[in-house]
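Here are the chains, one letter per residue:
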Amino acid sequence: MPQHPPVIYPRHPLATRARVLLTSVFGPYGQDDEYGSRKINPMELYQNQVTRFQGGLSLRMFHRSFGLMMIQANIDAPCTLLDFPTLERFREEIRQQNYHIIGISGIIANVGKVREMCALVRQYQPGATIVVGGHIANKEGLDQMIDADFIVRGEGVRWFQRYLGQDDQAPVKHAMALASFGTRIMGIDIGDTPDRTAAILVPSVGCPLGCNFCSTSALFGGKGKFVNFYETGDELFTVMCEIERTLKVRTFFVLDENFLLHKKRSLRLLELMEANGKSWSLSVFSSARVLKSYTMDQLVGLGIGFVWMGLEGEQSNYDKLKGVDTLGLVRLLQSNGIRVLGSTILGLEDHRPENMDATIDYAVSHDTVFHQFMLYTPVPGTPLHAKHQREGNLLSEAEFPFADAHGQYRFNYRHPHFKNGEEETFLLDAFRRDFEANGPSLLRLIRVLLNGWQKRKGQPRRIRKRIDWEAAPLRSTYAGAVWAMGKFYQDNPRHRETANRLLADIYAAFGWKTRLIAPLIGRFAFNRLRKEEERLAAGFSYEPSSFCEKNAAALALERAEAQPLSAANGRMLPTAEPAYQ
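Thresholds applied
- For every chain, the first residue of the written sequence is number 1, and numbering continues from 1 along that sequence.
- In keeping with the model being predicted, local features are shown solely for residues with a pLDDT of at least 70 and side-chain atom pairs are shown and tallied solely at 80 or more, while totals for entire chains, interfaces and linings include all residues.
- The basis for the side-chain values is all heavy atoms of the structure; hydrogens and waters are excluded.
- Relative accessibility thresholds used throughout: buried, under 20% of the residue-type maximum; exposed, over 50%; partly exposed, between the two (1.4 Å probe, protein chains only).
- In this description a helix means any DSSP run of H or I spanning at least four residues, a strand means any run of E spanning at least two, and both kinds are numbered starting from the N terminus.
- Here, a strand pair is defined by DSSP locating no fewer than two bridges between the strands.
- For a crossover, the right-handed case is the one in which the path from the first strand over the helix to the second runs clockwise, viewed with the strands pointing away from the viewer.
- The disulfide criterion is simple: two cysteine sulfur atoms within 2.5 Å.
- Helix axes use the C-alpha atoms of the stretch in contact, all axes being lines fitted to C-alpha atoms, and the angles between their N-to-C directions lie in the range 0 to 180 degrees.
- In what follows, salt bridge is the name for a side-chain nitrogen of Lys or Arg lying within 4 Å of a carboxyl oxygen of Asp or Glu.
- Roughly parallel refers to an angle under 35 degrees, roughly antiparallel to one over 145, roughly perpendicular to one between 65 and 115, and oblique to any angle outside these ranges.
- Helix crossings are classified by the rotation of the near helix relative to the far one: an anticlockwise turn of less than a right angle makes the crossing left-handed, while a clockwise turn makes it right-handed.
- What makes two residues a contact is simply this: any of their non-hydrogen atoms within 4.5 Å.
- Each residue gets one label: Ala, Val, Leu, Ile, Met, Phe, Trp, Tyr, Cys and Pro are nonpolar, Asp, Glu, Lys and Arg are charged, and the others, such as Gly, are polar.
- Helix span, as expected, comes to 1.5 Å for every residue beyond the first.
- Remark: nonpolar core denotes a set of buried residues (Ala, Val, Leu, Ile, Met, Phe, Trp, Tyr, Cys) joined through side-chain atoms within 4.5 Å.
- Patch membership is restricted to residues that have no salt bridge and whose relative accessible area is over 30%. Joining uses 9 Å for like charges and 5 Å for the nonpolar side chains Val, Leu, Ile, Met, Phe, Trp and Tyr.
- Note on areas: Shrake-Rupley with a 1.4 Å probe; residue coverage comes only from the protein chains shown.

S.K.: Would you explain the pairing of strand E4 (residues 101-105) in this entry?
M.R.: Two faces, one strand: in a regular strand the side chains alternate between the faces of the sheet. Counted residue by residue, E4 has 4 buried out of 5 residues, so it is predominantly covered. Two strands pair when backbone bridges link them, and strand E1 (residues 20-24) and E4 are joined in this way by 5 bridges, in the parallel orientation. Counted as the bridge partner of serine 24 is serine 105 from E4. Pairing between E4 and strand E5 (residues 129-133): 5 bridges, direction parallel. Bridge pairing in E5 places serine 105 opposite glycine 133. Read as a crossover between parallel neighbours, the route from E4 over helix H4 (residues 111-124) to E5 is right-handed.

Following this line, the structure appears as structure tokens:
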């Protein structure tokens with residue numbers, strides 16, 4: 001057998017004594033600027049790709065940089081995390097604080113911002129090591145575009161542990177983070193309280209299915225490759241109990257490209273949930289074929305309340321959809337209270353302008369609670385991008401900037417069937433038609449929740465407890481929201497009738513108290529919705545809050561450095577506590 005030399009990883013000379021800054025790219029985001037921000041591509045996932053044509057009824061929320069949070073949770077060096085800083089806030093941090101390592105995470109559209117941040121680091125802290133990671137690392141030639149010392153492609157937790165001289169085989173500590181913040185709908189701030197906000201859960205990264213367009217799969221090694229942070233159901237259950245205890249949550253948003261694909265782990269988790277009476281609710285990503293491999297009792301028992309599922313297109317050739325009646329599957333899931341977010345790709349190889357109406361009609365006919373529409377986009381690092389690169393039909397940066405190649409605007413290559421940017425018209429038409437046919441996603445969500453509540457009879461107490469908790473707002477706030485939507489759409493017969501039928505069903509289910517409460521809440525919601533519509537029509541856009549969080553080692557270092565100053569002043573300075581958001 002040939003002997004392979006051991007892999008030599010880079011090491012920082014200060015090891016865990018190095019001071020680390022981790023940061024996302026700077027804002028603002030939902031505007032057109034010279035650094036690559038685009039008004040059409042805000043930091044809000046749902047408004048950007050799912051509910052973008054639903055106005056004041058669009059679901060607005062932001063999500064933290066969970067990869068950076070996971071790295072911070074697993075390194076022993078003093079580490080500060082800046083999330084969503086402004087350019088001035090980032091500049092202030094590197095001017096006033098000394099760091100040995102500065103890690104920057106971004107997506108490919110952020111090349112301009114990462115370039116600027118690297119230049120500022122070289123200006124203010126020329127001795128610092130710059131590490132760049134995230135999806136931007138898939139960009140070929142990135143090392144020629146930015147001034148960084150390391151470009152880390154793939155999983156960053158173990159890379160940083162090795163770089164700091166830590167044990168990269170130690171169990172992964174999970175970050176304690178809520179899945180979203182700044183949640184808002186109908187002009188009403190929902191709040192970020194743990195009783196109604198999911199915690200983030202990251203069991204694995206990568207996806208073994210490896211669809212040709214998937215940048216996440218490509219980032220972590222491509223088809224057949226993935227990294228499990230928690231191999232077994234027992235490990236996962238222990239982590240979930242810790243998150244539940246720390247954050248006081250009962251719902252989890254599972255950031256795993258195909259969580260249910262690891263069936264042995266999932267079914268062991270189900271056993272442990274049953275044995276310990278856990279009434280958790282899980283939101284997951286899953287392919288259609290994998291979903292079909294579970295019984296409805298297993299899905300409901302696991303607490304699957306929301307699933308993001310690729311529909312891609314009626315004639316798509318992806319293995320994850322072969323032999324699956326997605327229309328029937330969506331109906332079955334939603335009739336049992338499982339909210340579905342369907343994802344459809346426009347511009348596949350067999351798509352042509354003349355068949356786009358049928359393609360969009362098929363997608364819309366699923367009547368999923370949410371529907372994501374994206375253009376078939378070859379993102380650097382993916383097999384689809386490599387194919388177009390070989391064929392020589394990718395557009396150059398001069399013809400089409402990286403910042404515009406995000407799947408919500410135009411193709412970044414010469415499509416054989418779509419010309420002169422007409423794909424944008426079809427994309428916008430898909431969002432409009434889904435909204436016109438199926439109404440606001442909030443209305444659909446409330447209907448599916450009611451379906452699940454009506455199916456709760458005969459379920460074990462553990463499951464009834466979870467369903468009753470999820471459906472509790474139907475008695476008050478959701479009923480009021482439906483009342484408000486009926487009034488808001490009084491000039492739209494389709495949406496008005498849908499809202500009125502749903503409100504009648506809610507009244508029938510919950511009785512006279514809900515009949516009394518709904519109009520009171522509804523009038524308030526209606527007025528807020530009208531004001532929100534006016535604000536958005538005037539061009540208002542939302543931006544995420546900024547976060548600055550230090551780990552235990554950074555806080556200890558801060559206290560130690562403050563002691564000489566406090567002693568000189570004859571007093572002790574207050575100590576900070578880590579912030580969880």
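After that view of the structure, there is still more to cover.
S.K.: How should the state of the cysteines be read in this particular structure?
M.R.: In protein structure, a disulfide is the covalent linkage between the sulfur atoms of two cysteines. Scanning the entire structure with this criterion turns up 0 disulfides. Unpaired in this structure, cysteine 79 has its nearest cysteine sulfur neighbour in cysteine 548, at a distance of 10 Å. According to the relative accessible area criterion, cysteine 79 is buried, its value standing at 0%.

S.K.: Any chance you could explain unusual backbone geometry here in plain terms?
M.R.: Only a minority of non-glycine residues have a phi that is not negative, and only a minority of peptide bonds are not trans. Geometrically, the link from glycine 27 to proline 28 is a cis peptide bond, its omega value of 5 degrees lying close to zero. Take proline 28: it is sitting in the loop between E1 and helix H1 (45-49). Its identity is not glycine, yet alanine 15 carries a phi of approximately 50 degrees, on the positive side. Within the fold, alanine 15 resides in the segment before E1. For alanine 15, a relative accessible area of 26% gives the class partly exposed. Within the chain, phenylalanine 84 stands out as a residue other than glycine whose phi angle is a positive 60 degrees. In this structure, phenylalanine 84 sits in the loop between strand E3 (79-83) and helix H3 (87-96).

S.K.: Would you explain the sheet that holds E4 in this entry?
M.R.: Hydrogen bonds between backbone atoms are what pair the strands of a sheet, whose relative direction is either parallel or antiparallel. Read from one edge of the open sheet, 6 strands run E6-E5-E4-E1-E3-E17, paired in mixed fashion. Where the open sheet ends on each side, the last strands, each with one partner, are strand E6 (150-152) and strand E17 (547-550). On average, each strand axis in the sheet is inclined to that of its neighbour by 20 degrees, with strand direction left out of account. Bridge analysis of E5 against E6 gives 3 bridges, and the strand direction is parallel. Bridge pairing in E6 links glycine 133 to valine 152.

S.K.: Even after reading the chapter, I still don't get the pattern of salt bridges, so can you show me in this structure?
M.R.: Opposite charge on two side chains lets them pair, provided their charged atoms get close. Tallied over the full model, the rule gives 30 salt bridges. In the salt-bridge network here, residues are joined through shared partners; they are Asp357, Asp361, Asp429 and Arg433.

S.K.: Whenever I open this one, the packing of helix H13 (residues 356-364) against helix H15 (residues 422-438) confuses me. Can you help?
M.R.: With their axes 10 Å apart at the nearest point, H13 and H15 run at an angle of 40 degrees to one another. The pairing of H13 with H15 is recorded here as oblique in orientation. In this structure, H13 crosses over H15, and the sense of that crossing is right-handed. Between H13 and H15, the residues in contact are Met356, Asp357, Ile360, Asp361 and Val364 and Phe426, Asp429, Ala430, Arg433, Asp434, Ala437 and Asn438, respectively. Its residues assigned to classes, the contact of H13 with H15 shows 6 nonpolar, 1 polar and 5 charged.

S.K.: Quick question: what am I supposed to make of the side chain of arginine 162 here?
M.R.: On the secondary structure map, arginine 162 appears in helix H6 (residues 156-163). Residue classification places arginine 162 among the buried positions, given a relative accessible area of 18%. Non-local contacts of arginine 162, meaning those with residues more than four positions away in its chain, are made with Tyr9, Pro10, Arg11 and Asp168.

S.K.: Just to check I follow, could you spell out helix H18 (residues 477-488) for this structure?
M.R.: Residue pairs three or four apart in sequence face the same way in an α-helix, which turns once every 3.6 residues. Taking 1.5 Å of rise per residue, the 12 residues of H18 would be expected to cover 16 Å, and the 16 Å separating its terminal C-alpha atoms lies within 8% of that figure. Residues of H18 that are buried include every one of Ala479, Gly480, Ala481, Val482, Trp483, Ala484, Met485 and Gly486, and no others. Where H18 is buried, its residues touch helix H16 (441-454), helix H19 (493-510) and helix H20 (512-537).

S.K.: Explanation requested: the nonpolar core in the structure shown.
M.R.: With 117 residues, the main nonpolar core has Met186, Leu260, Leu269, Ile446 and Met485 as its most contacted residues. It is H16 that contributes the most residues to this core, 8 residues altogether. Excluding anything up to four places from it in sequence, methionine 485 contacts Leu57, Met186, Pro440, Leu442, Leu443, Ile446 and Ala499.

S.K.: Is there a simple way to think about the packing of H18 against H20 in this case?
M.R.: Two measures define how a pair of helices packs: the angle their axes make with one another and the distance between the axes. Packing of H18 against H20 leaves a shortest axis separation of 6 Å and a crossing angle of 55 degrees. Here H18 lies oblique to H20, going by the angle between them. H20 is crossed by H18, and the crossing has right-handed handedness. On H20, the residues touching Thr477, Ala479, Gly480, Trp483, Ala484, Lys487 and Phe488 of H18 are Thr514, Ala518, Pro519, Ile521, Gly522, Arg523, Ala525, Phe526, Leu529 and Glu533. Of the residues contributing to the contact of H18 with H20, the split by class is 10 nonpolar, 4 polar and 3 charged.

S.K.: Sorry, what's going on with the side chain of threonine 23 here?
M.R.: Position of threonine 23 relative to the elements: it lies in strand E1. A relative accessible area of 0% places threonine 23 in the buried class. Setting aside chain neighbours within four positions, we find threonine 23 in contact with Leu68, Leu82, Pro85, Phe90, Gly103, Ile104, Ser105 and Met117.

S.K.: Honestly, the environment of glutamate 257 in this entry has me stumped. Any pointers?
M.R.: As for its placement among the helices and strands, glutamate 257 is situated in the loop between strand E12 (251-254) and helix H9 (263-275). Expressed as a C-alpha distance, the spacing of glutamate 257 and glycine 210, which sit 47 residues apart in the sequence, is 9.9 Å. In this structure glutamate 257 touches Gly206, Cys207, Cys214, Thr216, Phe285 and Ser286, once residues within four positions along its chain are discounted.

S.K.: Help me understand a nonpolar patch on the surface in this model?
M.R.: Taken together, Trp512, Leu516 and Ile517 make up a surface patch of nonpolar side chains, about 340 Å² in accessible area. With respect to the helices, strands and loops of the structure, isoleucine 517 is situated in helix H20. Given a relative accessible area of 33%, isoleucine 517 falls into the partly exposed group.

S.K.: It is not clear to me how the sheet that holds strand E13 (residues 281-285) should be interpreted in this structure. Could you clarify?
M.R.: The sheet built from 6 strands is open, its strands ordered E9-E12-E13-E14-E15-E16 with parallel pairing. Edge strands, defined here as strands with exactly one partner in the open sheet, are strand E9 (199-201) and strand E16 (370-375). The sheet shows a mean angle of 20 degrees between the axes of neighbouring strands, direction not considered. Where E9 meets E12, 3 bridges bridge the pair, whose relative direction is parallel. Note on E12: the bridge partner recorded for isoleucine 200 is phenylalanine 253.

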